[in-house]
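Here is how the chains run, residue by residue.
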Amino acid sequence: MTGAAGFAGLLDDAAVFPPGELPLAEAVVAHGRHREAAYAELVGPFVARGDDLAAVVAAAEAGGVDELPLLVTTPIDRVAAVLDVLAGAPRLRAAGLEVTLPEGVDPAALPELLRAAGEVPVAVEVPRDARRPAVIAAIAEAGVTAKLRTGGVRAELYPDEQELAEAIAALVARGVAFKATAGLHHALRNTDPETGFEQHGFLNVLAATAAALRGAPVEELRDLLAERDAATVVAAVRDLDPRARGLFRSFGTCSIDEPVAELVELGLLPPAWGDAA
């Protein structure tokens, strides 16, 4: 799998989130540039917190942005309020919602809780605890997308390869598409030189998803997530079952330029795109 088609919509623009934390006004303008670049097909919606919508509206107006596709992270009980704000903001388009099911809430209630979302796509975060099987079952029942947390600003926010492999296997077994959030700073598995955090690679996640599709055991998924050899991982994604991208939809990244540049360096995108990133 090479070229824009194989990676279409892979990069959700989370520039305002850690560790990038680009100022909102700059991030909104930069998103517009990404959508006009050679690699525009790879760029997903702009990710913002529900509490920041008024500031996003102001930034879009100040930046002369005609339409900003927006993916909003919000508590599940704030979905209706968020959509009301978006409905009154002609420069913003509701591209999706990302929600978390609070502890103590019966996962079986998820379809009813999401009724307010209407036709807007929703991703529900999968908890990293004993609730995971029940929440995945509820996500499958509701027909929405899952969201896997793959890192953060502290080491404990990174699931190890066994935990992530088990989560991917469980989602693929139910045919549940997912996106990832946080921690996928590079294409390949790596150790961050500044923090020492063990970071998953987004291509490793894609390769593991494809392996799960063909029924590989969790141990094989775990090994793919741990693989650091570029040639091995690139070979796995070059021969990828296209259905894998239908399952691993996207990941939030605080930099659009870096993953594009790494895909170019690995020979998976046109060389000229490296200059554009």
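Heads up: these notes are all about the structure in this document. (Residues numbered from 1 in each chain as written. Predicted model: local features only at pLDDT ≥ 70, side-chain atom pairs only at ≥ 80, totals over all residues. Heavy atoms only, no water.)

## Concerning the sheet that holds strand β1 (residues 11-13)
Phase 1: In space, the 8 strands of this closed barrel follow the order β1-β2-β3-β4-β5-β6-β7-β10, with parallel pairing throughout. Ignoring strand direction, the axes of neighbouring strands in this sheet form an average angle of 30°.
Phase 2: Bridging between strand β6 (residues 145-149) and strand β7 (residues 178-181) involves 4 bridges; their strand directions are parallel. Bridging across to β7, Arg149 finds its partner in Thr181.
Phase 3: Where helix α7 (residues 161-173) meets the sheet, its contacts fall on β6 and β7, and the angle it forms with β6 comes to roughly 175°. (Pairing = 2+ DSSP bridges. Helix = DSSP H or I, 4+ residues; strand = E, 2+ residues; numbered from the N terminus. Axes fitted to C-alpha atoms, helices over the stretch in contact; angles between N-to-C directions. Contact = heavy atoms within 4.5 Å.)

## Section: the environment of Ala211
Phase 1: Summarising the element assignment, Ala211 is placed in helix α8 (residues 202-213).
Phase 2: By relative accessible area, Ala211 is classed as buried at 0%.
Phase 3: Ignoring anything within four residues of it in the chain, the contact list for Ala211 reads Ala216, Glu220, Leu221 and Leu224. (Buried < 20%, exposed > 50% of the residue type's maximum accessible area, 1.4 Å probe, protein only.)

## Considering unusual backbone geometry
Phase 1: The peptide bond linking Pro18 to Pro19 adopts the cis configuration, its omega dihedral lying at 0°.
Phase 2: Within the secondary structure layout, Pro19 lies in the loop between β1 and α2 (24-34).
Phase 3: Non-glycine residue Glu21 carries a positive phi angle of around 45°.
Phase 4: On the secondary structure map, Glu21 appears in the loop between β1 and α2.
Phase 5: On the accessibility criterion, Glu21 (52% relative accessible area) is exposed.

## Quick notes on the side chain of Arg189
Phase 1: Relative to the elements of secondary structure, Arg189 occurs in the loop between β7 and β8 (190-191).
Phase 2: On the basis of relative accessibility, which here comes to 9%, the residue Arg189 falls in the buried class.
Phase 3: A distance of 3.3 Å separates polar atoms of two side chains, one belonging to Arg189 and the other to His200.
Phase 4: With residues near it in sequence (within four places) discarded, Arg189 still touches Glu161, Glu198, Gln199, His200, Gly201, Asn204, Leu225, Ala226, Glu227 and Arg228. (Polar contact = N/O pair within 3.5 Å; in protein donor to acceptor, adjacent residues only side chain to side chain.)

## Some remarks on the pairing of strand β2 (residues 43-49)
Note on strand geometry: in a regular strand, side chains alternate between the two faces of the sheet.
Phase 1: Taking burial as the measure, the 7 residues of β2 include 6 buried ones, the bulk of the element.
Phase 2: As paired elements, β1 and β2 share 2 bridges and run parallel to each other. When the sheet's bridge partners are listed, Asp13 is paired in β2 with Phe46.
Phase 3: A crossover links β1 with its parallel partner β2, the connecting element being α2, and its sense is right-handed.
Phase 4: By the bridge criterion, 4 bridges tie β2 to strand β3 (residues 68-73) in an arrangement that is parallel. Along β3, the bridge assignment pairs Ala48 with Val72. (Right-handed = clockwise from strand over helix to strand, strands pointing away.)

## Topic: the packing of α2 against helix α3 (residues 53-62)
What describes two packed helices is the angle between their axes and the distance between those same axes.
Phase 1: At a minimum axis separation of 9 Å, α2 and α3 run at an interaxial angle of 55°. By the angle between their axes, α2 is oblique relative to α3. Seen along the crossing, α2 lies across α3 with a hand that is right-handed. Packed against α2, whose contacting residues are Leu24, Ala25 and Val28, the element α3 presents Ala55, Val56, Ala59 and Ala60 at the interface. (Parallel < 35°, antiparallel > 145°, perpendicular 65-115°, else oblique. Left-handed = near helix turned anticlockwise from the far one by under 90°.)

## Comments concerning the packing of aromatic side chains
Phase 1: For the structure shown, the criterion picks out 3 aromatic pairs.
Phase 2: Considering the side-chain rings of Tyr158 and Phe197, the 5.5 Å spacing of their centres and the 55° angle between planes classify their relative orientation as tilted. Linking Tyr158 in the loop between β6 and α7 with Phe197 in the loop between β8 and β9 (198-199), this pair joins segments that are 39 residues apart in sequence. Comparing Tyr158 with Phe197, the two get one shared label, buried. (Phe/Tyr/Trp six-rings, centres within 6.5 Å; stacked < 30°, edge-to-face > 60°.)

## As for the packing of α8 against helix α9 (residues 218-226)
Phase 1: Relative orientation of the contacting elements α8 and α9 amounts to 165°, with a least axis distance of 8 Å. Of the possible angle classes, the one that applies to α8 and α9 is roughly antiparallel. Between α8 and α9 lies a crossing whose hand is right-handed. Contacts from Asn204, Val205, Ala207, Ala208, Ala211 and Ala212 in α8 reach Glu220, Leu221, Leu224 and Leu225 in α9.

That is the geometry; function is a separate question.
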